Amino acid sequence: MIVIYTILFLIIAGLLYMLFEASWLKVERLDFSKKGKGLKIIHLTDLHVYLTRVSAEKIRKVVKSENPDLILLSGDYINEPIHASQFLLYLHTICKGYRTIMCLGNHDLRAFSENKAGLENFVREIEALGVEVLRNQNVTVEKDGKKYNIIGIDDLRRGCPDIEKALKGCVAGAPKIAITHNPDMAINIPGKIVDYMFCGHFHGGQIWMPFNLEFFLLRKDQLCRMGIKKGYKRINDIKVYLNRGTGNVVVPFRFLSRPEVLVCIIP
């Protein structure tokens with residue numbers, strides 16, 4: 001009987017910890033300038049507002065404290081159209097007063113897979129908040145007289161990525177900073193076409209399993225099966241950051257993969 005109680009206790013304790021970890025936000029930092037000088041961005045991804053345990057207010061507190069030049073979001077905000085209004089409120093809380101640029105992820109596109117008009121309306125509602133949605137497009141950001149290309153590439157699996165279109169009109173000589181949802185994009189485009197890429201999708205392994213079992217059992221993406229699932233990596237001559245994201249899928253649990261906000265400086 002003691003053994004049964006012990007096992008039940010461990011299971012309950014484990015579930016409670018994973019529930020806690022899913023709300024335990026971590027601020028990660030990466031300074032490519034090595035001097036703290038350049039374009040300061042905050043990167044967020046995989047908000048999954050319908051199943052997140054990180055409040056918009058908690059992220060807003062980080063944003064206000066860091067005071068970035070730019071906020072970048074790289075997809076997976078909703079799972080069903082019914083979540084759109086919740087996401088819009090969440091987004092407004094996080095980004096109000098800061099220039100914000102985003103792309104869409106596979107969950108967002110799947111939510112409207114049978115309703116193209118609904119997707120366009122969703123994008124219009126986001127843009128009404130002053131947020132720029134890039135689908136194979138780019139815009140220019142300037143700081144201290146230096147220009148930066150911000151490039152949004154459509155999702156590799158659910159979207160229609162078009163690299164040539166996404167790069168058309170980029171300012172020559174200016175850093176090319178790409179946002180896209182699936183990090184496998186880095187091995188599906190010619191090297192050196194972009195300088196930096198910010199992605200999500202893998203959640204860093206939302207619930208850690210030994211031997212990368214989560215990825216072998218649940219995902220078919222190339223990089224995660226190669227053991228590349230989180231943090232800064234150099235892939236195909238591109239500086240790639242794989243963000244663990246703030247939300248969750250399937251269950252509101254995390255284990256050894258805390259939700260994160262990335263603060264990054266690009267020279």
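Residues numbered from 1 in each chain as written. Predicted model: local features only at pLDDT ≥ 70, side-chain atom pairs only at ≥ 80, totals over all residues. Heavy atoms only, no water.

A. Structural context of the overall build of the protein chain. A count of helical and extended segments in the protein chain gives eight helices and 12 strands. Since a compact globule built from 267 residues should have a radius of gyration of about 18 Å, the 19 Å found for the protein chain is in line with a globular shape. Considered along the principal axes of its C-alpha atoms, the protein chain spans approximately 70 × 40 × 35 Å. Taking the contacts inside the protein chain whose residues are at least 6 apart along the sequence as the reference set, 75% of them involve residues at least 24 apart. Surface exposure of the protein chain reaches about 12600 Å², of which carbon and sulfur atoms provide 57%. The protein chain carries 37 positive and 27 negative side-chain charges, and their two centres are separated by 5 Å. (Helix = DSSP H or I, 4+ residues; strand = E, 2+ residues; numbered from the N terminus. Rg over C-alpha atoms; globule rule 2.2 N^0.38 Å. Contact = heavy atoms within 4.5 Å. Areas by Shrake-Rupley, 256 points an atom, 1.4 Å probe, with all protein chains shown as cover. Lys, Arg positive; Asp, Glu negative; His and termini not counted. Charge placed at Lys NZ, Arg CZ, Asp CG, Glu CD.)

B. The arrangement of the sheet that holds strand 7 (residues 146–152) in detail. Read from one edge of the open sheet, six strands run 6-7-8-9-11-10, paired in mixed fashion. In this open sheet, the two edge strands, each paired with only one partner strand, are strand 6 (137–143) and strand 10 (231–235). Neighbour-to-neighbour, the strand axes of the sheet open up by a mean angle of 25°, direction not taken into account. Across four bridges, the pairing between strand 7 and strand 8 (residues 176–179) is parallel. Considered in strand 8, the bridge of I151 is made with A178. (Pairing = 2+ DSSP bridges. Axes fitted to C-alpha atoms, helices over the stretch in contact; angles between N-to-C directions.)

C. Spotlight on the state of the cysteines. Considering all chains together, one arrives at zero disulfides under this definition. C103 provides the cysteine sulfur closest to C199, a residue in no disulfide bond, and the two sulfurs are 8.3 Å apart. C224 carries a free sulfur, and the closest cysteine sulfur to it, the one in C199, is 13 Å from it. For C224, a relative accessible area of 0% translates into the label buried. (Disulfide = S-S within 2.5 Å. Buried < 20%, exposed > 50% of the residue type's maximum accessible area, 1.4 Å probe, protein only.)

D. Summary view of the side chain of T45. Here T45 is to be found in the loop between strand 2 (39–44) and helix 2 (56–66). In this structure T45 comes out as buried when scored by relative accessible area, which is 0%. Polar contacts involving the side chain of T45 include one to the side chain of D46, which spans 2.9 Å. Among all residues touching T45, those that are not within four sequence positions of it are S74, G75, H181, C199, G200, N243, G245 and T246. (Polar contact = N/O pair within 3.5 Å; in protein donor to acceptor, adjacent residues only side chain to side chain.)

E. Layout of the sheet that holds strand 3 (residues 70–74). Here six strands make up an open sheet; going across it, the order is 1-12-2-3-4-5 and the pairing mixed. Either end of the sheet is taken by a strand with one partner, and the two such strands are strand 1 (26–31) and strand 5 (132–133). The sheet contacts of helix 2 involve strand 1, strand 2, strand 3 and strand 12 (260–266), and relative to strand 2 the element is tilted by about 175°.

F. Up close: helix 3 (residues 84–95). With 12 residues, helix 3 extends 16 Å from end C-alpha to end C-alpha; this agrees with the ideal 16 Å at 1.5 Å per step. Within helix 3, the full set of buried residues consists of A84, F87, L88, Y90, L91, I94 and C95. Buried positions in helix 3, seen along its axis, are confined to an arc of 165° and lie on one side of it. Seen from the open side of helix 3, the exposed residues pointing more than 90 degrees away from its buried face are S85 and L89. Buried residues along helix 3 sit against strand 2, helix 2, strand 3, strand 4 (100–103) and helix 5 (116–127). (Expected span 1.5 Å × (residues − 1). Arc of directions from axis to C-beta.)

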